[in-house]
Amino acid sequence: MLLEGKNVIITGASRGIGRAAALECARQGANVVIGYSGSASSTPLVEALIQDIRSLGRDATAVGAPAGDPDTGGKLVEAAVSQFGSVDVFVNNAGICPFHSFLDMPRETYLETVNTNLNGAYFAVQAAANQMKRQGRGGAIIAVSSISALVGGGMQTHYTPTKAGLLSLMQSCAIALGPYNIRCNAVLPGTIETDINKDDLSDTKKRDAMISRTPLGRLGKPDDLAGPIVFLASEMAGFVTGASLLVDGGCYVNLQ
Ligand code: NAP
């Protein structure tokens, strides 16, 4: 029970990594505010997740609002405070990665990616941090960045800067929020099989190539991120701030 009695907000928790993290936080004793886009197709997924969390003996509520809207962070914080009384942990996880070549990148695709992945995150982290400061007992903020913060991707020229930006945001916020005992860290997933890369990984040659360059010999699962996120959220990581944790099966170091 690493998060007993804590109240956690996770953006992009309807599916994939965010969903796995939400369930593990609940198993570890936390109530969860589930952020998602609000799309009709995701609402049943969110309803099922709320039931799953309740069956673990914890409570959950959902806020459907676009991650790129600067007001969404405030709405998530409001929901946590009104339903559960406080915000102890904020996990910024919502993100998109619409693979596209650089030379003909549509402006809308670039702007939507940066707004969803980074600009909204900035204001959401700010809203969560202000609430934690008001509460006066510290907190933990975790950004789901990516291995793409450290390496390039020809079809991800709009995406990799957002992930590098999130990593940098956590490093700067670790300094800005340290005096309030608010810890800020990033996790950097490698290739994790979720809806975000379903089309890309349907190319079996590409999929096999990705597996072959991963020392642990497989792609990641959403659950692989749940433990690292809970660890950084918990008091076990009480002196860890401004840090980043690669969760990639060893892919990044496998260059020689
Ligand atoms: P996913 O299964 O596609 O889940 C994405 C989540 O983000 C969903 O909950 C989705 O909500 C939410 N989201 C998307 N657009 C949104 C918007 N405009 N407003 C609010 N919520 C929105 O993808 P995932 O792989 O779990 O990705 C989670 C995070 O991990 C992302 O930030 C991604 O960049 C990062 N990451 C993933 C990988 C990987 O290989 N999978 C690797 C490195 C980093 P809806 O259901 O409402 O659309």
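Residues numbered from 1 in each chain as written. Predicted model: local features only at pLDDT ≥ 70, side-chain atom pairs only at ≥ 80, totals over all residues. Heavy atoms only, no water.

## Some points on the sheet that holds strand β5 (residues 139-144)
Formally: Two strands pair under a simple rule: DSSP has to find at least two bridges between them. The way it works is that DSSP assigns letters per residue, a run of H or I at least four long becomes a helix, a run of E at least two long becomes a strand, and they are numbered from the N terminus. Interaxial angles span 0 to 180 degrees and are taken between N-to-C directions of axes, which are lines fitted to C-alpha atoms, for helices over the stretch in contact. Whether two residues touch is decided by their heavy atoms; if any such pair falls within 4.5 Å, the residues are in contact.
Here seven strands make up an open sheet; going across it, the order is β3-β2-β1-β4-β5-β6-β7 and the pairing parallel. At either margin of the open sheet sits one strand with a lone partner, and together these are β3 (60-64) and β7 (244-247). Across this sheet, the average inter-strand angle for adjacent strands is 15°, counted without regard to direction. Examined bridge by bridge, strand β6 (residues 182-189) and β7 share four bridges and lie parallel to one another. If you follow Pro 189 over to β7, its bridge partner there is Val 247. Against the sheet, helix α2 (residues 43-55) touches β2 (31-36) and β3, its axis set at about 170° to β2. Contacting β4 (89-92), β5, β6 and β7, helix α5 (residues 160-177) crosses the sheet at an angle of about 160° to β6.

## What to know about the packing of aromatic side chains
Cut-off, in case you're wondering: Two rings from Phe, Tyr or Trp (for Trp, the six-membered ring) form a pair when their centres sit within 6.5 Å of each other. Planes less than 30 degrees apart are called stacked, planes more than 60 degrees apart edge-to-face, and all others tilted. Under the scheme applied here, a residue whose accessible area is under 20% of the maximum for its type counts as buried, over 50% as exposed, and between as partly exposed, the area being computed with a 1.4 Å probe on protein chains only. Both a distance and an angle decide whether a charge sits over a ring: NZ of Lys or CZ of Arg must be within 6 Å of the ring centre and within 35 degrees of the ring normal.
Per the stated rule, a full pass over the model turns up one aromatic pair. Here the aromatic rings of Tyr 122 and Phe 123 are separated by 5.4 Å at their centres, their planes lie at 75°, and the arrangement is edge-to-face. Judged by its relative accessible area of 36%, Phe 123 is partly exposed. Taking NZ or CZ as reference, Lys 206 lies 5.8 Å from the ring centre of Phe 99, over its face.

## A look at the packing of helix α3 (residues 72-84) against helix α4 (residues 107-135)
Put simply, the test is: By definition, any crossing whose near helix is turned counterclockwise from its far helix by less than a right angle is left-handed, and any crossing with a clockwise turn is right-handed. Residue type decides the class: Asp, Glu, Lys and Arg count as charged, Ala, Val, Leu, Ile, Met, Phe, Trp, Tyr, Cys and Pro as nonpolar, and the leftover types, Gly among them, as polar.
Packing of α3 against α4 brings their axes to within 7 Å, and their N-to-C directions diverge by 35°. Between α3 and α4 lies a crossing of right-handed hand. Residues Gly 73, Gly 74, Val 77 and Val 81 of α3 pack against Ala 124, Ala 127, Ala 128 and Gln 131 of α4. Tallied by class, the residues present in the contact of α3 with α4 amount to five nonpolar, three polar and no charged.

## Brief notes about the site of the ligand
Put simply, the rule reads: One heavy atom suffices: a residue is near a molecule or strand as soon as one of its heavy atoms comes within 4 Å of it. Polar contact criterion, stated in full: a pair of N or O atoms within 3.5 Å, where within protein one must be able to donate a hydrogen and the other to accept it, and residues adjacent in sequence count only if both atoms are side-chain atoms. Where accessible areas are quoted, they stem from the Shrake-Rupley method and a 1.4 Å probe; at the residue level, only the protein chains shown are allowed to cover.
Residues in contact with the ligand amount to 30 residues; listed here are only the nearest, Ser 14, Ser 37, Ser 42, Tyr 159 and Thr 194. Take Arg 15: an N or O atom from its side chain is 2.7 Å from an oxygen atom of the ligand. One nitrogen or oxygen atom from the main chain of Ile 17 is found 2.8 Å from an oxygen atom belonging to the ligand. The protein chains hide 92% of the 900 Å² of surface that the ligand would expose on its own. When the residues that make up the shell around the ligand are grouped by side-chain class, the tally is 13 nonpolar, 14 polar and three charged.

## Comments concerning unusual backbone geometry
Here Asn 181, not a glycine, exhibits a phi torsion of approximately 55°, which is positive. By the element assignment, Asn 181 lies in the loop between α5 and β6. Looking at Asn 181, the relative accessible area reads 47%, which means it is partly exposed.

## Some thoughts on the packing of helix α1 (residues 16-27) against helix α8 (residues 223-233)
Applicable threshold: Any angle between 65 and 115 degrees counts as roughly perpendicular, while under 35 counts as roughly parallel, over 145 as roughly antiparallel, and the rest as oblique.
Contact pair α1 / α8: the axes reach a minimum separation of 8 Å and the direction vectors enclose 50°. The pairing of α1 with α8 is recorded here as oblique in orientation. The chirality of how α1 crosses α8 is right-handed. Within the contact between the two elements, α1 uses Ile 17, Ala 20, Ala 21, Glu 24 and Cys 25 and α8 uses Asp 223, Leu 225, Ala 226, Ile 229 and Val 230. For the contact of α1 with α8, the residue count by class is eight nonpolar, no polar and two charged.

## Brief notes about a nonpolar patch on the surface
Put simply, the rule reads: Like-charged residues within 9 Å of one another, or nonpolar side chains (Val, Leu, Ile, Met, Phe, Trp, Tyr) within 5 Å, are grouped into patches, provided each residue has over 30% relative accessible area and no salt bridge. A pair is scored as a salt bridge if a Lys or Arg side-chain nitrogen falls within 4 Å of a carboxyl oxygen belonging to Asp or Glu.
Taken together, the side chains of Leu 150, Val 151, Leu 246, Tyr 252 and Val 253 present a nonpolar region at the surface, about 410 Å² in accessible area. In this structure, Val 253 sits in the segment after β7. According to the relative accessible area criterion, Val 253 is exposed, its value standing at 67%.

## Quick word on the side chain of Ser 148
If you trace the backbone, Ser 148 turns up in the loop between β5 and α5. For Ser 148, a relative accessible area of 9% translates into the label buried. At 3.3 Å, the side chain of Ser 148 forms a polar contact with the side chain of Gln 156. Once residues within four sequence positions are removed from consideration, Ser 148 is found in contact with Gln 156, Tyr 159, Thr 160 and Lys 163.

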